[in-house]
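Notes for the structure review
If you want the building blocks of each chain, they are given just below.
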There are 2 protein chains.
Amino acid sequence: MKKNILIIGAGGVGHVVAHKLATAADSVGSLHIASRTIEKCNAIAESVAAKANVEARIVVQTHKLNAFDAAATIDLIRQTEASIVVNVGPSFINLAVLRACIETGAAYIDTAIHEDPQKVCEQPPWYANHEWPLRAECERRGITAILGAGFDPGVVNAYVALAAQDHLDALDSIDIIDVNAGSHGQYFATNFNAEINLREFTGDVWTWQEGRWVANAMFEISRIDDLPIVGRQKSYLTGHDEIHSLSAHFPHADIRFWMGFDEHYITVFEVLKNLGLLSEKPVVLADGTKVVPLQLVKHLLPDPASLAPMYQGKTFIGVLAKGTRDGKPHQVLLYNTCDHADCFTEISSQAIAYTAGVPAAAAALLVGHGDWDIGRMVNVEQLPPRPFLALTAQMGLPTSIVQAPLGNLFGRLHG
Amino acid sequence: MKKNILIIGAGGVGHVVAHKLATAADSVGSLHIASRTIEKCNAIAESVAAKANVEARIVVQTHKLNAFDAAATIDLIRQTEASIVVNVGPSFINLAVLRACIETGAAYIDTAIHEDPQKVCEQPPWYANHEWPLRAECERRGITAILGAGFDPGVVNAYVALAAQDHLDALDSIDIIDVNAGSHGQYFATNFNAEINLREFTGDVWTWQEGRWVANAMFEISRIDDLPIVGRQKSYLTGHDEIHSLSAHFPHADIRFWMGFDEHYITVFEVLKNLGLLSEKPVVLADGTKVVPLQLVKHLLPDPASLAPMYQGKTFIGVLAKGTRDGKPHQVLLYNTCDHADCFTEISSQAIAYTAGVPAAAAALLVGHGDWDIGRMVNVEQLPPRPFLALTAQMGLPTSIVQAPLGNLFGRLHG
């Protein structure tokens, strides 16, 4: 049984992971959180200590860390005797943290694909650009590395594994639908790190269809679904992490990701993009000032952590898997809905951070207990889905499953 | 007769002034243009030299000048023996240039009100904040200073003076309508210096109604007119320079300015404004970089000078003056329309710069010939309008006049 957990990253997701692991004192050992900004770690530790409705017997210990510095991370892992690292910092740090885990023997868990700050959109599959080349080394050294263990990627990968295992003999298509039907009441805000969030939509949209990578433009292709709980929602074909591992493990299925955006979001995004304000490339102003436009936009937008108190409404994240069963067409929809205000009541969070953080905390516990401590690098769809979905449900994110041989699983469906 | 003219500012308007004065060799003496960026001066001098259809016997002489430095401007005025300075640089430099003119005895002409870069919207009347306090000194020293001698302010002030002089016994309302019905084909661009242009719309909208200053929000109040030549156009109540002098000289009239904007312009503007990207106040980014958001936006937008070759369509600028004549209601519309592509054919310009630059050049010639060399500081409505309108028409901007006792001077009018 692996004990002592180090969380790296003190944003909204780190907040959720800390809260959730603090309620599992018997399984966790000591609990640590590290960030470049120690004040953010301290605020999380205080939030955990203050939540009277949480059985938090663990004091969260806080550490200042520049996680780009693998040597510093190695030192911190050794000093804290952490055997599990949950990396929920900006995805630019993934490789440095993973290398520190390989060096120290700690298990590694993250929730998003590695990104090179200099490149907006790399060639697919993205995992092959950074993480997968370290697979062999992880296997040789017996390192458990679980890639993409948030909700999407993460729980949705487990949904696909469960659909393939229990519901369908052959999987023809996987449509992942992620809709935030909530409202934060701000003019414009991103739900997590603006730099990472806005970069998701500035490059080509890569999906896996008919056995090959297909490129579309952002906001080029949309669908409207009448979804359970959140109702009629428009979503847009979007590139996303999980397509890049699911396509390797389910190469015969068409794999698409759809994200909901309202018209106002798209308007603001298009203005920023068209004017060059989302560029990660520095420009030099008339007075010689060198500035990265995206960094200024990030600075001007509300801090995602500040949104939680005002957030109302629910998120919907689900997988619609279609294929055949007993030789006949069959389809299954696996989904979760999560209420923003409930997340705030429970742990002063909102549903975007909550849905990403709870599964990561569950993954850490599964590694700790041994179920998922497999001594190699995997994506979530390569692991047994049932224990993950059961524990995630127990920790606050229940799964609903609807299936039917034919027809529309939603109220209306315009494909 | 005053000779030797120094143009300060080598943007689109400076280009037009240089071209137009170069065709009046006999009246001008030597012709000079100065700017912080000597390359822009040289490009204008080359453009003037290259226009075979222009009787340009004058070689435009170019000078590098930081016009914030009044001593440097004094030196340049003395060195060039300029007796007239046409200031068409950014309006931040007005006071420094005006002081240099007072010191050297040169006549001063500008086309826009002085602005303090630190303040977006000062209390009306704006002229009283900066220029008018120097009136007494100009009068004592016999300095001719003509404020706001472009089209608006400028020709429209002369329209008001002519309406009051020839058409109406009592002036009840003055509505200045400025619509650019042309298209530059770019996603978004400003027609002159983005910093000055966008600042026009970020503060309160000040108009003069019922004998007092009234504040509205930008895009709060609009009108739709079926205008001569350019047809049906929506315009918005906007603050503008000329209201601040006309209100002093016609205090019993309601004085409003209306500027045309299409929906796309407003969308982009609102996004930039709401996100704080039009702010002139520096912010400090995470990495310590200090940046003024508006400066970055300016940098990212197309150079206004680059728009001319693609520009199609026409501008409309006019004054609708209402009041009484012989005891009965009467109204008159004085207007000009100007074709972007014609401006490009003639002098490689577009109509926004052309309409601002031609009147400034005409004003310089009127000062040179003595008609307007009045030895004190005035706004254009205080001068005889006929010679100005006649010369401006002769130089490319003819005036049309429509009048009627009652009813709609346009096709349709929705007030």
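Predicted, not measured: the structure shown is a model, and the values here were computed from it.

Moving on, we come to the packing of aromatic side chains. Ring pairs (aromatic) are described by centroid distance and by the angle formed between their planes. In total, this model carries 26 aromatic pairs over all chains according to the counting rule given. With centroids separated by 5.1 Å and ring planes inclined at 85°, the aromatic side chains of Phe219(A) and Phe261(A) adopt a geometry described as edge-to-face. Here Phe261(A) lies in the loop between strand E12 (254–260) and helix H10 (263–274) and Phe219(A) lies in the loop between strand E9 (212–216) and strand E10 (222–227), a separation of 42 residues in the sequence. When its relative accessible area of 14% is taken as the criterion, Phe219(A) is described as buried. We classify Phe261(A) as buried; its relative accessible area is 9%. When the ring of Phe219(B) is compared with that of Phe269(B), the centres are 5.6 Å apart and the planes differ by 75°; the resulting orientation is edge-to-face. Taken together, the residues Phe219(B) in the loop between strand E9 (212–216) and strand E10 (222–227) and Phe269(B) in helix H10 (residues 263–274) connect sequence positions 50 residues apart. Counting every residue linked through ring pairs, the aromatic cluster contains Phe188(A), Phe201(A), Phe219(A), Tyr236(A), Phe261(A), Tyr265(A) and Phe269(A).

Pairing between side chains of opposite charge can happen when their charged atoms approach one another. For the structure shown, the criterion picks out 21 salt bridges over all chains. Its salt-bridge partner being Asp225(A), residue Arg223(A) comes within 2.9 Å of it at the nearest N-O pair. By the burial criterion, Arg223(A) is buried, and Asp225(A) matches it. The partner of Arg256(B) in a salt bridge is Asp175(B), and the shortest N-O contact between them spans 2.7 Å. Here the residue Arg256(B) occupies a position in strand E12 (residues 254–260), and Asp175(B) occupies one in strand E7 (residues 170–180), the gap between them amounting to 81 residues. Accessibility classification places Arg256(B) together with Asp175(B) in one group, the buried group. Where salt bridges share partners, they join Asp175(A), Arg223(A), Asp225(A) and Arg256(A) into one cluster.

A few words on the sheet that holds strand E3 (residues 60–64) of chain A. Residue and element names in this part refer to chain A. On the basis of which strands lie adjacent, the open sheet formed by 7 strands has the order E3-E2-E1-E4-E5-E6-E17 and parallel pairing. On the outer flanks of this sheet lie E3 and strand E17 (377–379), each paired with one strand and no other. Strand-to-strand twist of the sheet, defined as the mean angle between neighbouring strand axes without regard to direction, takes the value 20°. Two elements, strand E6 (residues 145–147) and E17, share 3 bridges in a ladder whose sense is parallel.

Right, let's talk about the UniProt feature "domain: Saccharopine dehydrogenase-like C-terminal" (unreviewed entry) in chain A for a bit. Per the UniProt record, "domain: Saccharopine dehydrogenase-like C-terminal" (unreviewed entry) is found at residues 150–392 of chain A. Annotation note: span residues 150–392 of chain A, helix share 33%, strand share 30%, distance between end C-alpha atoms 10 Å.

All names here are of chain B. Strand order in the open sheet formed by 7 strands is E3-E2-E1-E4-E5-E6-E17, and the pairing between neighbours is parallel. At either margin of the open sheet sits one strand with a lone partner, and together these are strand E3 (61–64) and strand E17 (377–379). On average, adjacent strands in this sheet sit at an angle of 20° to one another, irrespective of strand direction. Its contacts with the sheet put helix H1 (residues 12–22) on strand E1 (5–8), strand E2 (31–35) and strand E4 (84–87), and the angle it makes with E1 is roughly 160°.

Superposing chain A onto chain B requires a rotation of 180° together with a translation of 0.1 Å along the rotation axis, leaving an RMSD of 0.0 Å. Accordingly, the operation relating the two chain copies is best matched by a two-fold axis. By residue overlap, the copies meet face to face through one surface: 100% of the interface positions of chain A are interface positions in chain B.

This part covers the environment of Thr23(A). All names here are of chain A. You can see Thr23 is positioned in the loop between helix H1 (12–22) and helix H2 (25–28). With a relative accessible area of 37%, Thr23 lands in the partly exposed category. A sequence separation of 35 residues divides Thr23 from Ile58, and the C-alpha atoms of the two residues are 7.9 Å apart. Reaching out from Thr23, the side chain makes a polar contact with the backbone oxygen of Lys20 at a distance of 2.6 Å.

Attention now moves to the side chain of Thr207(A). Residues and elements named next belong to chain A. By the secondary structure assignment, Thr207 is in strand E8 (residues 205–209). You can call Thr207 buried: its relative accessible area is 0%. Of the polar contacts made by the side chain of Thr207, one reaches the side chain of Gln209; its length is 2.9 Å. In contact with Thr207, not counting residues within four places along its chain, are Arg212, Trp213, Val214, Leu237, Thr238, Ile243, Ile255 and Arg256.

For helix H11 (residues 293–300) of chain B, the complete set of buried residues consists of Pro293(B), Leu294(B), Leu296(B) and Val297(B). Buried positions in H11(B), seen along its axis, are confined to an arc of 160° and lie on one side of it.

This part is about the packing of H1(A) against helix H13 (residues 351–369) of chain A. All names here are of chain A. Contact pair H1 / H13: the axes reach a minimum separation of 8 Å and the direction vectors enclose 45°. On the basis of the axis angle, H1 is oblique to H13. For the pair H1 and H13, the crossing hand works out as right-handed. Listed contacts from H13 to Gly12, Val13, Val16, Val17, Lys20 and Leu21 of H1 are Ala353, Tyr354, Ala356, Gly357, Val358, Ala360, Ala361, Ala364 and Leu365. Here the residues of the contact of H1 with H13 sort into 12 nonpolar, 2 polar and 1 charged.

The rules behind each value
- Residues numbered from 1 in each chain as written.
- Chains lettered and ligands numbered in written order.
- Predicted model: local features only at pLDDT ≥ 70, side-chain atom pairs only at ≥ 80, totals over all residues.
- Heavy atoms only, no water.
- Phe/Tyr/Trp six-rings, centres within 6.5 Å; stacked < 30°, edge-to-face > 60°.
- Helix = DSSP H or I, 4+ residues; strand = E, 2+ residues; numbered from the N terminus.
- Buried < 20%, exposed > 50% of the residue type's maximum accessible area, 1.4 Å probe, protein only.
- Salt bridge = Lys/Arg side-chain N within 4 Å of Asp/Glu carboxyl O.
- Pairing = 2+ DSSP bridges.
- Axes fitted to C-alpha atoms, helices over the stretch in contact; angles between N-to-C directions.
- UniProt positions renumbered as here; feature names shortened; annotations may be inferred.
- Contact = heavy atoms within 4.5 Å.
- Least-squares fit on C-alpha atoms with pLDDT ≥ 70 in both.
- Polar contact = N/O pair within 3.5 Å; in protein donor to acceptor, adjacent residues only side chain to side chain.
- Arc of directions from axis to C-beta.
- Parallel < 35°, antiparallel > 145°, perpendicular 65-115°, else oblique.
- Left-handed = near helix turned anticlockwise from the far one by under 90°.
- Nonpolar A, V, L, I, M, F, W, Y, C, P; charged D, E, K, R; others polar.

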